[in-house]
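Coordinate analysis (summary)
Spelled out from the first residue to the last, the chains are:
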Amino acid sequence: MDLSQIGYLVPLKGNSEDEDTSIPKLSISNGSNIIGRNNLAVSDKRVSRRHVTITASSSATLTVDGTNPVVVKSGGERKKLRRGEQVALATGDIIELIPGHHFFKYVALGNDSKSSSSSSPFSSPNTKKRGFNGAREVLEIDQQTRKKTREASRDKTHVANNPKVEGMRSGVKSCEQAICRFNVSDDELPATFRLLKVQGLPAWANTSCVSITDVVQGDIVVAILSNYMVDIDWLMSACPVLAKVPHVLVVHGEGDGVLEQMKITKPANWILHKPPLPISFGTHHSKAMLLVYPRGVRIIVHTANLIYIDWNNKSQGLWMQDFPWKDAKNPHKGCGFENDLVDYLHTLKWPEFTAKLQATGSLSINPSFFRKFDYSNAMVRLIASVPGYHTGANLKKWGHMKLRSILQEFTFEDEFIKSPLVYQFSSLGSLDEKWMTELATSMSSGCSEDKTPLGLGEPQIIWPTVEDVRCSLEGYGAGNAIPSPLKNVEKTFLKKYWAKWKAVHTGRCRAMPHIKTFTRYNGQKLAWLLLTSANLSKAAWGALQKNNSQLMIRSYEHFYASNY
């Protein structure tokens, strides 16, 4: 045994105290021990490469470094820790690197039970007199402080003598004032694209932005939550109102390992459902919520996974609108929004269940149930992708071909003829020039008022650089949610499309985008805007096959489109 070893982490079989002997123990040595993704038997991108640091000597302290929270169970009490938070470790404490996932038990060598039981299981580590190492750390910190002071002084001098920098500063100030003055009336709210709040930004940058509690609220009687990744522990703590909802259906895209843990942690009245994936490499990636109330239904389309980091640290977007029940005496006929919604819900094939509603009594909650609401005032159109080989009447029912058919219904101002397109997303698939033209053709559909086709627009691909990620709120960890193999990024034909991620006017340059937006614009005017869960990939949007008579889609996606 290494003489410097203080203890070790014992991998456990799920939420039990049984050791998982298929995975080696992790040695904890004197000093700092970095634990992260590379220590796992199975890679999980939710775990940062530097996820936690365990600092050990005569005692041990755990510090959370990663962007996702960590849970420590000690003395029968569970505590969730965020980035930068610390806790003292004692022998027998259980660590969940992701809440509900990747369990380890901390065991100290030569542990003295008396000393370990004298403090609260979640007390912060006591401040101790520094020895030689502490003095060296103080010296290094002092040197760093002096260096930063010199750099700050130099920067002030540079700003004072550089009118261009002053102009940039005044530009940010004007953006701040514009955002603070931004206000949306209740009547206009359903037509308004909203950003999610981001922690660590100045207050002005979160003006008119929303959090998950602004969305999931009130006397909900049925909740259908559609997403890819779902952290039930976080969701219940972030939305306590969900604990009171009698019927919750979670439509998800998690793998079998995560699903088993979800089954353990979910409330008894929650139903978990993963839709069928008939084509390989597909996912259920849609991000939407359907919240049924005694007075109607709230429909939400958004871009965030149901995990802490997505609702707090990243640039994300959301649209929602409330719809009343149809008048039973004078029911409205279905509209495009209603048909698009119900057709999509049918493809999910969720298990039908019964709910007791005060106004109507017991009802079966199936896709047709959602025809009971009046969507005649819908301010947007819904567009979805569902996996399959779509032909005939279904060719233009899903994916980019659905967008093409909707845009062909509208007329646009002449200024949008040949105007550019924007593709802004977080994950880049394997693309080719033929498919890029295919997608651009769909996004360039529509005519001017004199029936002149708008013509093919030149796409601009907006994606963060390595430097953007390095300097982001999350540091390099943000790159986990902006993935693409190097071979996909470095394709020569893509060079002409690249454009830089900038969000000065919303204060989000350092909040890396998980949001996905596609639009056609001219100057400051938009022809239309699409908010979506879909990244730039054939799997999400679909690819035409068989001489354009068949559209192949691998994944489930959900978008809303608004004509401006």
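Residues numbered from 1 in each chain as written. Predicted model: local features only at pLDDT ≥ 70, side-chain atom pairs only at ≥ 80, totals over all residues. Heavy atoms only, no water.

**Observations concerning the overall build of the protein**
Counting its secondary structure elements, the protein contains 12 helices and 31 strands. When contacts within the protein are restricted to residue pairs at least 6 apart in sequence, those whose partners lie at least 24 apart make up 67%. A total accessible area of about 26900 Å² is found for the protein, and carbon and sulfur atoms account for 52% of it. (Helix = DSSP H or I, 4+ residues; strand = E, 2+ residues; numbered from the N terminus. Contact = heavy atoms within 4.5 Å. Areas by Shrake-Rupley, 256 points an atom, 1.4 Å probe, with all protein chains shown as cover.)

**Considering the sheet that holds strand S10 (residues 101-108)**
Taken together, the six strands give an open sheet; going across it, the order is S2-S1-S10-S9-S6-S7, and neighbouring strands pair in antiparallel fashion. With partners counted over all chains shown, the strands left at the sheet margins are strand S2 (26-29) and strand S7 (77-81), one partner each. Each neighbouring strand pair of the sheet contributes to a mean axis angle of 25°, computed without reference to strand direction. (Pairing = 2+ DSSP bridges. Axes fitted to C-alpha atoms, helices over the stretch in contact; angles between N-to-C directions.)

**Examining the UniProt feature "site: Interaction with DNA" (unreviewed entry) in the protein**
Per the UniProt record, "site: Interaction with DNA" (unreviewed entry) is found at Ser537. Summarising the element assignment, Ser537 is placed in the loop between strand S28 (525-532) and helix H12 (538-541). Dropping the residues within four chain positions of it, Ser537 is found in contact with Gly429, Leu431 and Trp435. (UniProt positions renumbered as here; feature names shortened; annotations may be inferred.)

**Quick look at unusual backbone geometry**
Of note, Lys349 is a non-glycine position whose phi angle comes to about 55°, a positive value. Here Lys349 is to be found in the loop between helix H7 (336-348) and strand S18 (353-357). Not every positive phi belongs to a glycine, and Asn548 is a case in point at roughly 65°. Given the relative accessible area of 46%, Asn548 is considered partly exposed. (Buried < 20%, exposed > 50% of the residue type's maximum accessible area, 1.4 Å probe, protein only.)

**Description of the pairing of strand S23 (residues 421-424)**
On any regular strand, side chains alternate: one points to one face of the sheet, the next to the other face. Of the two faces of S23, the one carrying Leu421 and Tyr423 and the one carrying Val422 and Gln424 are both buried. Two elements, S23 and strand S25 (residues 459-463), share four bridges in a ladder whose sense is parallel. Each residue of the ladder has a partner; that of Leu421, found in S25, is Pro459. The pairing of S23 with strand S27 (residues 517-522) spans four bridges and is antiparallel. Considered in S27, the bridge of Gln424 is made with Thr517.

**Quick notes on the pairing of S27**
Summarising burial for S27: five of the six residues are buried, a large majority. Where S27 meets S28, six bridges bridge the pair, whose relative direction is antiparallel. Across the sheet, residue Thr519 finds its bridge partner in S28, namely Leu529. Between the antiparallel neighbours S27 and S28 lie two residues, among them Gly523 with a positive phi of about 65°.

**With respect to the pattern of salt bridges**
Opposite charge on two side chains permits them to pair, given that their charged atoms come into close proximity. This structure, assessed with the given rule, holds 21 salt bridges. Here Lys105 ties to Glu17 by a salt bridge, and the two come within 3.9 Å at their closest N and O atoms. Highlighted residues: Lys105 in strand S10 and Glu17 in the loop between strand S1 (5-11) and S2, separated in sequence by 88 residues. Salt bridges linked by common partners bring Asp340, Arg381, Lys402 and Glu409 together as one network. (Salt bridge = Lys/Arg side-chain N within 4 Å of Asp/Glu carboxyl O.)

**Quick word on the side chain of Asp231**
Structurally, the position occupied by Asp231 is in the loop between strand S12 (222-226) and helix H5 (232-238). In this structure, Asp231 is buried with no salt-bridge partner, the nearest side chain bearing the opposite charge being Lys80 at 4.7 Å. Side-chain polar atoms of Asp231 contact the backbone nitrogen of Trp234, separated by 3.2 Å. (Lys, Arg positive; Asp, Glu negative; His and termini not counted. Polar contact = N/O pair within 3.5 Å; in protein donor to acceptor, adjacent residues only side chain to side chain.)

**Points about the sheet that holds strand S14 (residues 270-273)**
Spatially, seven strands are ordered S11-S17-S16-S15-S12-S13-S14 in an open sheet, and the strand pairing comes out mixed. Looking along the sheet, the strands with just one partner apiece sit at the ends: strand S11 (194-195) and S14. In this sheet, strand S16 (residues 296-302) lies alongside strand S15 (residues 288-293) in antiparallel orientation, the contact comprising six bridges. Residue Ala288 lies in a different strand from S16, and its bridge partner there is Val301.

**Remarks on the packing of aromatic side chains**
Tallied over the full model, the rule gives 15 aromatic pairs. Ring geometry for Phe369 versus Phe370: centroids 5.1 Å apart, planes at 85°, classification edge-to-face. Here the two residues Phe369 and Phe370 agree in accessibility, since each one is buried. Here the aromatic cluster, defined as three or more aromatic residues joined through ring pairs, consists of Trp319, Phe323, Phe337, Tyr375 and Tyr560. (Phe/Tyr/Trp six-rings, centres within 6.5 Å; stacked < 30°, edge-to-face > 60°.)

**A short note on helix H8 (residues 399-407)**
Within H8, nine of the nine residues are buried, leaving the element largely enclosed by the surrounding structure. Turning to H8, its buried residues number three or more, namely Gly399, His400, Met401, Lys402, Leu403, Arg404, Ser405, Ile406 and Leu407.

**Some thoughts on the packing of H8 against helix H9 (residues 433-443)**
Put simply, H8 and H9 touch, their axes get as near as 7 Å, and they point 30° apart. Relative to H9, the element H8 is oriented roughly parallel. Here His400, Met401, Leu403, Arg404 and Leu407 of H8 come into contact with H9, specifically with Glu438, Leu439, Thr441, Ser442 and Met443. Residues of the contact of H8 with H9, tallied by class, amount to five nonpolar, three polar and two charged. (Parallel < 35°, antiparallel > 145°, perpendicular 65-115°, else oblique. Nonpolar A, V, L, I, M, F, W, Y, C, P; charged D, E, K, R; others polar.)

**Considering H9**
Those residues of H9 not exposed but buried are Trp435, Met436, Glu438, Leu439, Ala440, Ser442 and Met443. Capping the start of H9 is the job of one residue whose side-chain oxygen sits 3.2 Å from the backbone nitrogen of Lys434: Asp432.

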